[in-house]
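Structure at a glance
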Amino acid sequence: MFKRIMLRFRDMKTISKLISGADEQAHINGKEEPGAEHFVLSALNLDDGSAKRVFEKMNANAEKFKNAISQQYIDALSSIGIDSANEISSEPVQSNKAFHNSQPSGQVLMKSLYTLKQRDKHRPLLGVHVISVASEMEHGVVARAFRAMGVDSKQLACLIKEELESQY
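Procedures and definitions
Residues numbered from 1 in each chain as written. Predicted model: local features only at pLDDT ≥ 70, side-chain atom pairs only at ≥ 80, totals over all residues. Heavy atoms only, no water. Salt bridge = Lys/Arg side-chain N within 4 Å of Asp/Glu carboxyl O. Helix = DSSP H or I, 4+ residues; strand = E, 2+ residues; numbered from the N terminus. Buried < 20%, exposed > 50% of the residue type's maximum accessible area, 1.4 Å probe, protein only. Phe/Tyr/Trp six-rings, centres within 6.5 Å; stacked < 30°, edge-to-face > 60°. Patch = residues over 30% accessible without salt bridge, like charges linked within 9 Å, V, L, I, M, F, W, Y side chains within 5 Å. Areas by Shrake-Rupley, 256 points an atom, 1.4 Å probe, with all protein chains shown as cover. Contact = heavy atoms within 4.5 Å. Axes fitted to C-alpha atoms, helices over the stretch in contact; angles between N-to-C directions. Parallel < 35°, antiparallel > 145°, perpendicular 65-115°, else oblique. Left-handed = near helix turned anticlockwise from the far one by under 90°. Nonpolar A, V, L, I, M, F, W, Y, C, P; charged D, E, K, R; others polar.

We now examine the pattern of salt bridges. Counted under the stated rule, the structure contains 6 salt bridges. Two residues, D11 and K117, come together in a salt bridge whose shortest N-O distance is 3.2 Å. Remark: K117 occurs in helix α5 (residues 104-119) and D11 occurs in helix α1 (residues 2-28); sequence separation between them is 106 residues. The burial state of D11 is the same as that of K117; both residues are buried. The partner of E163 in a salt bridge is R53, and the shortest N-O contact between them spans 2.6 Å. With E163 in helix α8 (residues 153-167) and R53 in helix α3 (residues 50-57), the pair connects residues that are 110 residues apart, well separated along the chain.

Moving on, we come to the packing of aromatic side chains. For the structure shown, the criterion picks out 3 aromatic pairs. Ring geometry for F55 against F65: centres 6.0 Å apart, planes inclined by 75°, an arrangement best described as edge-to-face. Taken together, the residues span a long stretch of sequence, with F55 in helix α3 and F65 in helix α4 (residues 62-79) at a distance of 10 residues. Like F65, F55 is buried. Aromatic rings pair up to connect F55, F65 and F146 into one cluster.

You will see that N59, though not glycine, has its phi angle at about 55°, which is positive. With respect to the helices and strands, the residue N59 is situated in the loop between α3 and α4. N59 gets classed as exposed once you look at its relative accessible area, which sits at 61%.

This brings us to a nonpolar patch on the surface. On the surface, a nonpolar cluster with roughly 470 Å² of combined accessible area is contributed by F2, M6, F9 and M12. Examined against the element boundaries, F2 turns out to sit in helix α1. According to the relative accessible area criterion, F2 is exposed, its value standing at 62%.

Turning to the environment of L116, a few remarks are in order. By secondary structure assignment, the location of L116 is in helix α5. On the basis of relative accessible area, L116 is assigned to the buried category, the value being 15%. The spacing of L116 and V130 is 14 residues in sequence and 9.5 Å in space, taken between C-alpha atoms. When near neighbours in sequence (up to four residues on either side) are disregarded, L116 contacts H129, S132 and V133.

The element helix α6 (residues 127-135) is extensively covered by neighbouring structure, given that 8 of its 9 residues are classed as buried. Buried within α6 are the following residues: G127, V128, H129, V130, I131, S132, V133 and A134. Against α1, α2 (36-43), α3, α5, α7 (141-148) and α8 lie the buried residues of α6.

Moving on, we come to the environment of P104. The topology assignment puts P104 in helix α5. Overall, P104 belongs to the exposed group, its relative accessible area being 61%. Sequence separation between P104 and A36 is 68 residues, and the spatial gap between their C-alpha atoms is 8.3 Å.

Here we come to the packing of α3 against α8. Put simply, α3 and α8 touch, their axes get as near as 10 Å, and they point 140° apart. In terms of axis orientation, α3 runs oblique to α8. In the crossing of α3 with α8, the sense of the turn from one axis to the other is right-handed. Contact with α3, carried on its side by S50, R53, V54 and K57, involves Q155, L156, L159, I160, E163 and Q167 of α8 and no other residues of that element. Here the contact of α3 with α8 is built from residues that sort into 4 nonpolar, 3 polar and 3 charged.

In structure tokens form, the structure reads like this:
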């Protein structure tokens, strides 16, 4: 009983760090609310290091992921005739919101993370759980970024499983 309470307390701390990190990443990128991509970036910075290890095994890192995200916007602007996409940058945003809100993709990710944790109650919430949920998203910025990075979904699933099994 005590172990379960401590695990929940630890999970709440992780969720708090995950959300604040996603908010920070969104604000750096000129967004008021974080999307799934910002939660992935936040997961890569969590103290447990599990998400970072999985990315490293795929020869990827946060910078490559950020570049894959940026490239999507550059390509989209180029497709409508805006060639100076590299000159367009967003200004960091300051937010004074009292309550957290996220873009629809961020909401889907967090709901899926909750569902995943309901099935995986014996291990603490880890950054690799976020990567696992994000990797199952078929559409959106994260899915396109993973494809642009050449991420093989089967290999990623195996690496996620190995990382989770190595934890406990």
